[in-house]
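Examination of the molecular architecture
Here is what each chain is made of, one letter per residue.
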Amino acid sequence: VTMRVAVVGAGVSGLTAIKCCLDEGLEVTCFERSQDIGGVWRYTENIEDGRPSLYTSVVSNTSKEMSAFSDFPYPEDFPVFLPHARLLEYLRRYAERFALRQRIQLETTVLSVRKRPDFATTGQWDVVTEAGGKQTSHVFDAVMVCSGNFWEPSLPLHAFPGIEKFQGKYFHSRQYKHLDVFRGKRVLVVGMGNSGVDIAVEASRVAAKVTVSTGQGAWVISRVFDHGYPWDMVYNTRFMSLLRNNLPGPLARGLISHRVNQWFNHENYGLQPAKRYFSEPVLNDDLPSYIITGKITIKPGVKEFKENSVVFYSCPEEEPIDIVVFCTGYNVSFPFLEEADVKVENKHASLYKYVFPTHLQRPTLAVLGLIKTLGAIMPVTEMQARWVTRVFKGRRLMPVSLHPIFSNSFRFGLLFDEVLKTEWLVYLDELASFIGVKPNVLALLFSDPKLAFTIFFGPCTPYQFRLRGPGRWDGARQAIFTQWDRMLKPMRTRVTSGSSSVWPSLLTVFGFLLLVAAVLFGF
């Protein structure tokens, strides 16, 4: 009998979950509560006036080569960092290429997912959905939760004394629709994450004044890294990961902090993190220039709100403000699940490898995408889905004892959602090893040295995980060798005369020697 799997949500995680289920021969049904696929990348227009929301201009923080699904590269004419509309177009092409749409029930809300009475022996679930005002009950052998963690805003007003007296307007960043609300106003943005900085930069175009309040500070990096290449194609390589994870902690932290400060000195700009090590960075190309031109001011944490102003810590004078945007993150929430099935405490979910609830008798419930890494989320959720579907099939058994994973890479500061952060490549490799798709660099060094060199020193693009094992893709090797071509294609729109150089060949020889040395010293 074919195993029946329910997928909740048709965003990035949900789409790859459907595809992986089909690859394993599972009978899959996806329930999506909105009118179309795409999840957070599908931004609808403001119903009231037809104007697009702010986030119609949002650009992805990871490059297309690093954020592609492992057997479906982006078209070469797509920009390196994708506006939301192009990323949504890619997701729709992915759904069409692998015939995913016929497995999706749109405008269908999952109301409840409950263990059946015989769960201990069958692992089955009762799933209740609602569509068009009609409720339907289903029985599934397994459930993959792909609803994301950007639905329930966290707005801890109790942490901001005096907010009840404030006479201006305040709201969570998720409620932000368009710029007109800021026109001519004095704006305070509370929070230093990606959303907070994006909103501050956008608001400064029309606001009278924009202030960003941050108690912790943050490292800020640009999408454009060394020599104009995408940051993640430089940062997330196997060679760099090996250095970061094997150098003594203080040395590694110092080197990374030094590198980040090369763009601009964070202390001079009021952004230096409270703890001087590499906490989760903010990706923004504009913030330093907006600070240096006076369009944005950085202030410490909020001490107290007044009727028409705010007082910051270490700043005795009051700052007049009209609007406050709280960029205070989101709560981890699964309203359709029983609290006992996925335990969430202090925004931490007790999940083995960030996927499987640790206390269930049968591993037939999986949560995808509930993780933060310094890298693209799409390859991560795809790898999770590949592992999960093989666990469902019994091809990769779970360890005898499940336990929550609370250890994290040192380069992330201890923040409120610390447990959801981990090292991108280390995590990918770990899941890949579970299903036998982690590339064997040592073996390739002897059988295909050119490929071994590219894999080890080049960007860790997702195609590496299709070279061998289950789900092997014949086009993976070629995709790896042409990854830089696809990256450069949309930018080289003006032909220039190049000059030949002996440096590339010398660097290749030097890199090969480095690779051999890494293998000999225990890689």
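Residues numbered from 1 in each chain as written. Predicted model: local features only at pLDDT ≥ 70, side-chain atom pairs only at ≥ 80, totals over all residues. Heavy atoms only, no water.

Thoughts on the packing of helix α1 (residues 12-23) against helix α2 (residues 84-97)
Put simply, α1 and α2 touch, their axes get as near as 11 Å, and they point 15 degrees apart. Judged by the inter-axis angle, α1 sits roughly parallel to α2. Handedness of the crossing formed by α1 with α2: left-handed. In this structure, α1 contributes Val 12, Leu 15, Thr 16 and Lys 19 to the contact, and α2 contributes Leu 91, Tyr 94 and Ala 95. (Axes fitted to C-alpha atoms, helices over the stretch in contact; angles between N-to-C directions. Helix = DSSP H or I, 4+ residues; strand = E, 2+ residues; numbered from the N terminus. Parallel < 35°, antiparallel > 145°, perpendicular 65-115°, else oblique. Left-handed = near helix turned anticlockwise from the far one by under 90°. Contact = heavy atoms within 4.5 Å.)

Observations concerning empty space enclosed by the protein
Regions of empty space are outlined by a rolling probe, equal in size to a water molecule, passed over the atoms. Inspection of every chain in the model, using the stated rule, returns 3 cavities of 30 Å³ or more. Estimated volume of the second largest cavity: approximately 40 Å³. Forming the boundary of the second largest cavity are Ser 70, Pro 379, Glu 382, Met 383, Arg 386, Pro 462 and Phe 465. (1 Å grid on protein atoms, 1.4 Å probe; cavity = no way out; pocket = protein on both sides within 12 Å on 5 of 7 lines; lining within 4 Å. Points joined across faces, edges and corners; volume = space filled by probe spheres on them.)

Remarks on the sheet that holds strand β10 (residues 186-190)
Sheet architecture is open: 5 strands sit in the order β9-β18-β10-β11-β14, paired in parallel fashion. Pairing within the sheet leaves two strands with one partner each, and these edge strands are β9 (169-172) and β14 (296-299). Each adjacent strand pair in this sheet contributes to an overall mean axis angle of 20 degrees, direction not counted. Of the strand pairs in this sheet, β9 and strand β18 (residues 323-326) are connected by 4 bridges, and their pairing is parallel. Opposite Phe 171, over in β18, you have Val 325 as the bridge partner. (Pairing = 2+ DSSP bridges.)

With respect to the side chain of Thr 62
For Thr 62, the location among the structural elements is in the loop between β2 (27-31) and α2. Judged by its relative accessible area of 13%, Thr 62 falls in the buried class. Leaving out residues up to four positions away in the same chain, Thr 62 has contacts with Ser 67, Val 80, Phe 81, Trp 231, Asp 232, Gly 375 and Ala 376. (Buried < 20%, exposed > 50% of the residue type's maximum accessible area, 1.4 Å probe, protein only.)

What to know about the packing of α1 against helix α9 (residues 377-393)
Interaxial distance between α1 and α9 falls to 9 Å at its minimum, and their mutual angle equals 35 degrees. Read as a crossing pair, α1 and α9 show a hand that is right-handed. Of α9, the residues touching α1 (which contributes Val 12, Ser 13, Thr 16, Ala 17, Cys 20 and Cys 21) are Met 378, Thr 381, Glu 382, Ala 385, Arg 386 and Thr 389. Per-class residue counts for the contact of α1 with α9 are 6 nonpolar, 4 polar and 2 charged. (Nonpolar A, V, L, I, M, F, W, Y, C, P; charged D, E, K, R; others polar.)

Remarks on the pairing of strand β16 (residues 309-312)
The alternating pattern of β16 places Ser 309 and Val 311 and Val 310 and Phe 312 on opposite faces, both of which are buried. In terms of strand pairing, strand β15 (residues 302-305) meets β16 through 3 bridges, oriented antiparallel. By the bridge assignment for β16, Val 302 is matched with Phe 312. Here β15 hands over to β16 after 3 residues, the two strands then running antiparallel side by side. Here β16 runs beside strand β17 (residues 318-320); their pairing, made up of 3 bridges, is antiparallel. Its bridge partner being in β17, Val 311 is matched across the sheet by Glu 318. Between β16 and β17, which pair antiparallel and follow one another directly, the connecting turn spans 5 residues, one of which, Ser 314, has a positive phi of 65 degrees.

Digging into helix α6 (residues 238-246)
Of the positions making up α6, those classed as buried are Arg 238, Ser 241 and Arg 244. The buried residues of α6 occupy one face: seen down the axis, they fall within an arc of 125 degrees. Along its buried surface, α6 packs onto α5 (231-235), α7 (249-261), α10 (424-435), α11 (441-447) and α12 (449-457). (Arc of directions from axis to C-beta.)

Here we look at the pattern of salt bridges
Taken as a whole, this structure holds 27 salt bridges when the rule is applied. With a shortest N-O distance of 2.8 Å, Arg 92 and Asp 36 are connected by a salt bridge. On the criterion of sequence distance, the pair formed by Arg 92 in helix α2 and Asp 36 in the loop between β2 and α2 is long-range, its members being 56 residues apart. Owing to a relative accessible area of 34%, Arg 92 belongs among the partly exposed residues under this scheme. (Salt bridge = Lys/Arg side-chain N within 4 Å of Asp/Glu carboxyl O.)

Looking at the sheet that holds strand β7 (residues 142-145)
Strand order in this open sheet of 5 strands is β3-β2-β1-β7-β24, and the pairing throughout is parallel. Edge positions in the open sheet fall to β3 (104-105) and β24 (365-367), since each of these has one partner strand only. Of the strand pairs in this sheet, β7 and β24 are connected by 3 bridges, and their pairing is parallel. The residue of β24 that forms the bridge with Met 144 is Ala 366. Sitting on the sheet, α9 is in contact with β1 (4-8), β7 and β24, with an inclination near 170 degrees to β7.

Remarks on the nonpolar core
Counting 86 residues, the largest nonpolar core has Tyr 90, Met 144, Phe 356 and Phe 392 as its most contacted members. When residues of this core are assigned to their parent elements, the largest contribution, 8 residues, is made by α9. Counting 29 residues, the second-largest nonpolar core is a separate cluster that includes Ala 203, Ala 207, Val 210 and Ile 291. (Core = buried A, V, L, I, M, F, W, Y, C linked by side-chain atoms within 4.5 Å.)

Things to note about the environment of Leu 106
Along the chain, the position of Leu 106 falls in the loop between β3 and β4 (109-115). Leu 106 gets classed as partly exposed once you look at its relative accessible area, which sits at 32%. Residues Leu 106 and Ala 131, 25 residues apart in the sequence, show an inter-C-alpha distance of 8.5 Å. Every residue in contact with Leu 106, bar those within four places of it in the chain, is listed here: Glu 32, Ser 34, Gln 35, Asp 36 and Ile 37.

A closer look at the pairing of β7
Alternating positions in β7 separate into two faces, Ala 142 and Met 144 on one and Val 143 and Val 145 on the other, with burial throughout. Bridge count for β1 against β7 is 4 bridges, and the pairing is parallel. Residue Val 8 lies in a different strand from β7, and its bridge partner there is Val 145.

Observations regarding the environment of Arg 466
On the secondary structure map, Arg 466 appears in the loop between α12 and α13 (476-481). Using a relative accessible area of 3% as the deciding quantity, one classes Arg 466 as buried. As for Arg 466 and Arg 477, which are separated by 11 residues in sequence, their C-alpha atoms are 8.5 Å apart. Ignoring anything within four residues of it in the chain, the contact list for Arg 466 reads Lys 19, Ser 70, Asp 71, Glu 382, Arg 386, Gly 471, Arg 472, Trp 473 and Ala 476.

Thoughts on the packing of aromatic side chains
Applying the stated criterion across every chain, the model contains 29 aromatic pairs. Between Phe 69 and Tyr 90 the ring centres are 6.0 Å apart and the planes differ by 15 degrees, which places this aromatic pair in the stacked class. Taken together, the residues span a long stretch of sequence, with Phe 69 in the loop between β2 and α2 and Tyr 90 in helix α2 at a distance of 21 residues. Accessibility assignment for this pair places Phe 69 and Tyr 90 in one class, buried. Seen in terms of ring centroids, Phe 72 and Phe 98 are 5.9 Å apart; in terms of plane orientation they differ by 65 degrees. Their pairing is edge-to-face. (Phe/Tyr/Trp six-rings, centres within 6.5 Å; stacked < 30°, edge-to-face > 60°.)

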